[in-house]
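Each chain is listed here by its residues.
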Amino acid sequence: MKNLPIVECEKLLTDSANRKKADRIVSAFGFRADLKGSDRLADCVILYGSNAASGFCEIYSIVGKLRDTGAKAVLRTINYAMSRAYGMTDKLSELVGANIPRNEIHNSLVIAHLGKIYRYDSPRETDGGDD
């Protein structure tokens, strides 16, 4: 799979419907809205869920370019947000139907699962609204 051009990725990330859906999914998994990492995670969820990039390194790089930072900084901010998320381990374990130890949960695992929710769930199922 080829990566979408950066301009197309930017359109995906700035689309209000995409942002609303991704923000709600990220919040539902206990990520705190006051941390930059939750915004960067939502960016990654949108790109993964939209098949905009061919791998996690590419996703981090695209988000970094669009947010005027580096891929490693994106990775670190998401990792910090994961460490501060409320009940994320339990919610992720419930989603996959097995107990996942906290030390086995990493950025790409979270992005993959939340990205699949983004991809396959309708907006109405994730946003709880009728708008």
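You'll find the structure just up there.
These numbers were taken from a predicted model, which means no experiment stands behind them.

Draft legend 1. Up close: the overall build of the protein chain. Scanning the protein chain for helices and strands turns up eight helices and zero strands. Secondary structure elements of the protein chain occur, N-terminal to C-terminal, as α-α-α-α-α-α-α-α. Computed over its C-alpha atoms, the radius of gyration of the protein chain comes to 14 Å, within 12% of the 14 Å expected for a compact globule of 131 residues. The C-alpha extent of the protein chain, read off along each of the three principal axes, is 40 × 35 × 30 Å. Among the 131 residues that make up the protein chain, the fraction classed as buried is 44%. Considering only residue pairs separated by 6 or more positions, the protein chain has 66% of its internal contacts joining residues 24 or more positions apart. The protein chain carries 19 positive and 17 negative side-chain charges, and their two centres are separated by 6 Å.

Draft legend 2. Spotlight on the environment of D43. Tracing the chain through its elements places D43 in helix α3 (residues 36-49). By relative accessible area, D43 is classed as buried at 0%. Taking C-alpha positions, D43 is 15 Å from N3, a pair spaced 40 residues apart along the chain. The contacts of D43, once residues within four sequence positions are left out, are L13, R19, V63 and R67.

The rules behind the values
- Residues numbered from 1 in each chain as written.
- Predicted model: local features only at pLDDT ≥ 70, side-chain atom pairs only at ≥ 80, totals over all residues.
- Heavy atoms only, no water.
- Helix = DSSP H or I, 4+ residues; strand = E, 2+ residues; numbered from the N terminus.
- Rg over C-alpha atoms; globule rule 2.2 N^0.38 Å.
- Buried < 20%, exposed > 50% of the residue type's maximum accessible area, 1.4 Å probe, protein only.
- Contact = heavy atoms within 4.5 Å.
- Lys, Arg positive; Asp, Glu negative; His and termini not counted.
- Charge placed at Lys NZ, Arg CZ, Asp CG, Glu CD.

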